[in-house]
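Close look at the chain arrangement
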Amino acid sequence: MKRIGMLTSGGDCQALNAAMRGVVKCLSCSGEAVEIYGFLEGYKGLIYGDFRMLTGADFSGILTKGGTILGSSRTPFKLMREPDENGLDKVEAMKQNYYKLKLDCLVILGGNGTHKTANMLREEGLNVVTLPKTIDNDLWGTDMTFGFQSAVDIATDCIDCIHTTAASHGRIFIVEVMGHKVGWLTLNAGMAGGADIILIPEIPYDIDKIVEAIEGRAKRGSKFTIMAVAEGAISKADAKLSKKEYKEKMKNYQYPSVSYEIADEIQKKTGLDVRVTVPGHTQRGGSPCPYDRVFATRLGAEAGKMILNGEYGFMVGYKNREIVKVPLEEVAGKLKMVSPDATIVQEAKLTGISFGD
Ligand code: F6P
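Residues numbered from 1 in each chain as written. Predicted model: local features only at pLDDT ≥ 70, side-chain atom pairs only at ≥ 80, totals over all residues. Heavy atoms only, no water.

1. Remarks on the site of the ligand
- Around the ligand sit R74, I135, D136, M178, G179, H180, E231, H281 and R284, and those are all the residues in its vicinity.
- One of the backbone N or O atoms of G179 is found 3.4 Å from an oxygen atom in the ligand.
- At a separation of 2.6 Å, an oxygen atom of the ligand approaches a polar side-chain atom of E231.
- Because more than half of its atoms lie within 2 Å of the grid, the ligand is assigned to the largest pocket.
- For the shell around the ligand, the per-class residue count stands at two nonpolar, three polar and four charged.
- When residues of the shell around the ligand are assigned to domains, at least three map to each of domain 1 (2–147 + 288–331) and domain 2 (152–283). (Near = heavy atom within 4 Å. Polar contact = N/O pair within 3.5 Å; in protein donor to acceptor, adjacent residues only side chain to side chain. 1 Å grid on protein atoms, 1.4 Å probe; cavity = no way out; pocket = protein on both sides within 12 Å on 5 of 7 lines; lining within 4 Å. Sits in = over half its atoms within 2 Å of the grid points. Nonpolar A, V, L, I, M, F, W, Y, C, P; charged D, E, K, R; others polar. Domains from an automatic or database assignment.)

The structure is reproduced here in structure tokens:
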């Protein structure tokens, strides 16, 4: 008999359900008796002992369903060691619930913050297996996270729609793509949607270079320009500020987001009409794309296999087209960023895409 606790933590994404289904299908196909404790709303459920017993039926028909049947929440890692408003020690509470329910292991699905806490629980002696989710694809130790390809599809669809209206009106359009710290989503959706300018956090921009790229296109006869801009795009000047100086600047910030600031600057410098579209959380919503369904199922099945073998302390990742086990201590606290020297960036530049640098 295996007693397994499961939770989904952090921002949701597509294929969380597909991944959990993969784990449970693998375990039930093995013939091993299993009890599944589904903790609700991420680590909160584990802290406060809020769970639901789940059976195979709960995982039936959810392969294609977006969101997470367990619900999710953000429980910042830096607050985990701080007592809650009633003085409860959250880490001790999680351990007590784990031992009270006599769990064999926890299956934790999440992104960066989630992995820091998962690694802490491992250090505290709990058996943990994790699965890499996030539309940002920024988890260290895996070439791919589930949710990413589905989000690329949605952001690309958005850019495709904008393309036709931008062309009709001869306008400059900015599509703001999710990603505060890393630009994988913007880079991929931007390239897939044929964006002319792509701005990502890892490559700070110079507004004059952006204007140069727009004017260059106009000279070559293109009346419109499409820009894919990451939420975390940053100017060269701002990138030089210290954390304190940047915080100070943001106190008086007058724009809803960086895209509006860039739009305003372009408008002032060129007199051209600039519009901003923000697909926002639609990028995390809806059904997983077929790639993510397959990928999440594979990861889930491998996690199931690891549980059956009693192999704990790993994230199930993907490297060089192989599913791999990555020690949690290697994953926790690191971000997989786009290197400005990455071949994909160079190839984008070879096809005339400007990064505003
Ligand atoms: O980490 C996933 C993500 O969707 C990021 O791309 C985005 O910046 C952030 O979450 C948005 O967070 P929230 O859903 O808390 O607004």
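2. Some remarks on a positive patch on the surface
- Together, K78, K116, K181, K243 and K247 line one region of the surface with positive charge.
- Of note, K247 is situated in helix α10 (residues 243–251).
- A relative accessible area of 64% places K247 in the exposed class. (Patch = residues over 30% accessible without salt bridge, like charges linked within 9 Å, V, L, I, M, F, W, Y side chains within 5 Å. Areas by Shrake-Rupley, 256 points an atom, 1.4 Å probe, with all protein chains shown as cover. Salt bridge = Lys/Arg side-chain N within 4 Å of Asp/Glu carboxyl O. Lys, Arg positive; Asp, Glu negative; His and termini not counted. Charge placed at Lys NZ, Arg CZ, Asp CG, Glu CD. Helix = DSSP H or I, 4+ residues; strand = E, 2+ residues; numbered from the N terminus. Buried < 20%, exposed > 50% of the residue type's maximum accessible area, 1.4 Å probe, protein only.)

3. Some details on the domain arrangement of the protein
- Assigned domains within the protein: domain 1 (2–147 + 288–331) and domain 2 (152–283).
- Here the C-alpha centre of domain 2 lies 34 Å away from the C-alpha centre of domain 1.
- Facing the six residues of domain 1 at the interface are eight residues of domain 2.
- Interface area, domain 1 with domain 2, both sides summed: about 560 Å², of which 57% is carbon and sulfur.
- Where domain 1 meets domain 2, there are zero salt bridges.
- The interface formed by domain 1 and domain 2 holds one residue pair in polar contact (both at pLDDT 80 or more) in total.
- When grouped by side-chain class, the residues that make up the side of domain 1 that touches domain 2 number two nonpolar, two polar and two charged. (Contact = heavy atoms within 4.5 Å. Buried area = accessible area lost by both parts, 1.4 Å probe.)

4. A short note on helix α8 (residues 207–219)
- Between its first and last C-alpha atoms α8 spans 18 Å; for 13 residues at 1.5 Å apiece the expected length is 18 Å, and the two agree.
- All of the buried residues along α8 are I207, I210, V211, A213, I214, G216 and R217.
- Measuring from the backbone nitrogen of D208 back to the side-chain oxygen at the start of α8 gives 2.9 Å, which picks out D206 as the cap.
- Downstream of α8 by one or two residues, G221 has phi in the positive range, about 100 degrees. (Expected span 1.5 Å × (residues − 1).)

5. Description of the nonpolar core
- Ranked by internal contacts, the top residues of the largest apolar core, which has 64 residues, are M6, V107, L109, L131, F146 and I307.
- Setting aside anything within four residues of it in sequence, one finds L131 in contact with A19, V23, V107, I108, L109, G110, H115, F146, L299, G300, A303 and V316. (Core = buried A, V, L, I, M, F, W, Y, C linked by side-chain atoms within 4.5 Å.)

6. A closer look at the state of the cysteines
- Evaluation of the coordinates by the stated rule reveals zero disulfides.
- With no disulfide of its own, C13 lies closest to C289 among cysteine sulfurs, the gap being 11 Å.
- Residue classification places C13 among the buried positions, given a relative accessible area of 0%.
- No disulfide involves C29; its sulfur sits 7.3 Å from that of C26, the nearest cysteine. (Disulfide = S-S within 2.5 Å.)

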